[in-house]
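Working through the structure, step by step
For reference, the chains in residue letters:
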Amino acid sequence: MEAMNELYSDIILEHNQHQENKRLLKIYTMEERGHNPSCGDDITLQANIRDGVIVDAAYTGHGCAISQASADIMIDIIKGKSVKEALRLVDLFLEMIKRNITDEDQLEELEDAIALKNISNMPARVKCAVLAWHTLKEAVERGEIQ
Ligand SMILES: [Zn+2]
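Residues numbered from 1 in each chain as written. Predicted model: local features only at pLDDT ≥ 70, side-chain atom pairs only at ≥ 80, totals over all residues. Heavy atoms only, no water.

An unreviewed UniProt entry annotates the chain as SUF system NifU family Fe-S cluster assembly protein of Megasphaera stantonii.

1. Here's the deal with the overall build of the chain
Our working rule: Secondary structure elements follow DSSP: runs of H or I of four or more residues count as helices, runs of E of two or more count as strands, with numbering from the N terminus. In this treatment the radius of gyration is a C-alpha quantity, and the globule benchmark scales as 2.2 Å times the residue count to the 0.38 power. Exposure classes here rest on a 1.4 Å probe applied to the protein chains alone. A residue is buried below 20% of its type maximum, exposed above 50%, and partly exposed in between. Contacts are assigned to residue pairs that have any heavy atoms within 4.5 Å of one another. Using the Shrake-Rupley algorithm and a 1.4 Å probe, accessible areas are obtained, with residue cover drawn only from the displayed protein chains. Think of it this way: Lys and Arg go in the positive column, Asp and Glu in the negative one, and His and the chain ends go nowhere. Charged groups are reduced to one reference atom each: NZ for lysine, CZ for arginine, CG for aspartic acid, CD for glutamic acid.
When its secondary structure is counted, the chain shows five helices and three strands. Along the chain direction, N to C, the helices and strands of the chain fall in the order α-β-β-β-α-α-α-α. Taken over C-alpha atoms, the radius of gyration comes to 14 Å for the chain, in line with the 15 Å a tight globule of 146 residues would show. Its C-alpha atoms put the chain at 45 × 30 × 25 Å along the principal axes. Within the chain, the proportion of its 146 residues that are buried is 46%. In the chain, 58% of the contacts between residues at least 6 apart in sequence involve partners at least 24 apart. Of the roughly 7700 Å² of accessible surface on the chain, 50% is carried by carbon and sulfur atoms. Averaging the positions of the 16 positive and the 26 negative side-chain charges in the chain gives two centres separated by 5 Å.

2. Overview of the coordination of the zinc ion
Defined as follows: Any N, O or S atom lying within 2.8 Å of the metal counts as a donor, and for Na, K and Ca the limit rises to 3.2 Å; water is left out, so some sites can look incomplete.
The zinc ion binds to the protein through Cys39 (SG), Asp41 (OD), Asp41 (OD), Cys64 (SG) and Cys128 (SG); the donor distances cover 2.2 to 2.7 Å. Taken in chain order, the donor set of the zinc ion reads C-x1-D-x22-C-x63-C. On the criterion of sequence distance, the pair formed by Cys64 in the loop between strand E3 (53–62) and helix H2 (65–78) and Cys128 in helix H5 (residues 123–141) is long-range, its members being 64 residues apart. We classify Cys64 as buried; its relative accessible area is 15%. On the accessibility criterion, Cys128 (0% relative accessible area) is buried.

3. Examining H2
For the record, the criterion: Here a helix's expected span is defined as the number of its residues, less one, multiplied by 1.5 Å.
For H2, which comprises 14 residues, the first-to-last C-alpha distance of 20 Å matches the rise-based estimate of 20 Å (1.5 Å per residue) to within 8%. Turning to H2, its buried residues are Ile66, Ser67, Gln68, Ala69, Ser70, Ala71, Asp72, Ile73, Met74, Ile75, Ile77 and Ile78. Directly beyond the C-terminal end of H2, a positive phi value near 90 degrees is found at Gly80.

Put into structure tokens, the structure is as follows:
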């Protein structure tokens, strides 16, 4: 368990040091801001969606290591996927954080996001971890996507 936690924190650290998805998109069809007042995390998600597929996505903003790593990881996962598929993965992630789904095989498709699994042990950080995911979900549900 100890080694597993270390591995997971390495993944978070790495995404925090190399935030490859932290940039502004030149072309985008969706933009949504997410704010977590309890920590001060403030991110803006952008996505370029064509024919129901997330062709490109990125984020900007600031916040703690968890919120930034989580946004970076999420974008890696949703890029190139259909909006429908991305939403399914968002829901899977949220179910993992709520501990409704704990089966590692089922969570495998969350790729690096599985590193955030143990955040559910730290209630104060849960909002940091889910910020980007909630922001994407809200944007889609509010029908901001053309
Ligand atoms: Zn935070």
